[in-house]
Amino acid sequence: MKTLSEQACFGCIQGFYAHDSAETGSEMRFAVYLPPAATSASVPVLYYLAGLTCTEETATIKAGAQRVAAEHGLMLVMPDTSPRGVGLPGEEDDWDFGTGAGFYLDAVMEPWADCYRMYSYIRDELRLLINEKFPADPDRTGIFGHSMGGHGALTIALKNPELYKSVSAFAPISSPMQCPWGQKAFTGYLGTDQASWAEYDATALVKNGKRAPHILIDQGTADQFLCEQLKPEIFEAACKEAGQPLTLRRQDGYDHSYYFIQTFMEDHIRHHAAHLTGT
Ligand SMILES: N[C@@H](CCC(=O)N[C@@H](CS)C(=O)NCC(=O)O)C(=O)O
């Protein structure tokens, strides 16, 4: 692991790091915010998965998460959204597939299968690296994210409740099997086998018996992707039917941007702190 930069931020450190990833066969970058509490003890870790076109910098700069994370003593980890520059044909052609659009799954289709392994990268490789290199309490890990990253957070938490003790999402893709972004990505990375798609679809996972801790979702009513891509009502109905605890808040007038995310970031960090630290 190498340090790219470190800056003082709310009493401790905002850093950017890179490492050679075995899962993605490439150098991956990630951002870590260490709260002041991390100077004297191991602290809970909260992963934030970003959306389409984003990098490790996007939420670090735009989400305004550090002040509240410092207050609650949470470490923030903000990874990149895909491998970059691995040289696959077409990887840069679309903004919603390939670079910047890893969809937090393990691809099985060629040529993506060797490198596009963001599910295993986030759940295993990066988590173990963070636990080894930073003052992390491995028993207190939470996960949240936005849009494609909201889908990632929900699916990773639902599939691994023993690893993730808190979960939330901003404007998640609630059922990628049922929207154009997801159908394009799943066809390209997973092929046409619908059974493998269901393994990465939050709504299907809930319907098939997977459970996560109480989920918080915020969704802006003026989000330009709401009706065609995000469809929170599908996930809401599945959770209600299955008895999965969910608080879905429809926020009047907010769109899909980081102005929306930064408005409700404090509520999300408090939600995670309540699960991870009891504060
Ligand atoms: N490029 C897309 C929009 C992509 C987009 O909105 N990405 C969201 C995540 S799904 C984002 O967070 N973008 C980065 C930003 O707002 O800084 C378009 O032209 O419609």
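The structure this text deals with has already been given above.
All of the points below concern the structure found in this document. (Residues numbered from 1 in each chain as written. Predicted model: local features only at pLDDT ≥ 70, side-chain atom pairs only at ≥ 80, totals over all residues. Heavy atoms only, no water.)

1. Quick word on the site of the ligand
All residues adjacent to the ligand are Gly51, Leu52, Thr53, Cys54, Thr58, Lys62, Trp95, His146, Ser147, Phe225, His256 and Tyr258. Within the backbone of leucine 52, a nitrogen or oxygen atom sits 3.0 Å from a nitrogen atom of the ligand. One of the side-chain N or O atoms of lysine 62 is found 2.5 Å from an oxygen atom in the ligand. Protein burial of the ligand: of its 500 Å² of free accessible surface, 68% is covered by the chains. Residues that form the shell around the ligand fall into these classes: five nonpolar, six polar and one charged. (Near = heavy atom within 4 Å. Polar contact = N/O pair within 3.5 Å; in protein donor to acceptor, adjacent residues only side chain to side chain. Areas by Shrake-Rupley, 256 points an atom, 1.4 Å probe, with all protein chains shown as cover. Nonpolar A, V, L, I, M, F, W, Y, C, P; charged D, E, K, R; others polar.)

2. Focus: the nonpolar core
Membership of the largest hydrophobic core comes to 94 residues, with the highest contact counts inside it found for Tyr48, Met75, Phe103, Ile130, Ile143 and Tyr189. Element by element, the count of residues in this core is highest for helix α10 (residues 258-276), at eight residues. Other than its neighbours up to four places away in sequence, isoleucine 130 contacts Phe30, Val32, Val45, Tyr47, Met75, Val77 and Ala136. (Core = buried A, V, L, I, M, F, W, Y, C linked by side-chain atoms within 4.5 Å. Buried < 20%, exposed > 50% of the residue type's maximum accessible area, 1.4 Å probe, protein only. Helix = DSSP H or I, 4+ residues; strand = E, 2+ residues; numbered from the N terminus. Contact = heavy atoms within 4.5 Å.)

3. As for the pattern of salt bridges
Overall, the coordinates contain 16 salt bridges when judged by the stated rule. Linking lysine 2 and glutamate 27 is a salt bridge whose minimum nitrogen-to-oxygen distance equals 3.0 Å. One end of the pair, lysine 2, is in strand β1 (residues 2-9); the other, glutamate 27, is in strand β3 (residues 26-34), with 25 residues separating them in the sequence. For lysine 2, a relative accessible area of 42% translates into the label partly exposed. Aspartate 80 is the partner of arginine 84 in a salt bridge, and the nearest nitrogen-oxygen pair spans 2.6 Å. For arginine 84, a relative accessible area of 31% gives the class partly exposed. (Salt bridge = Lys/Arg side-chain N within 4 Å of Asp/Glu carboxyl O.)

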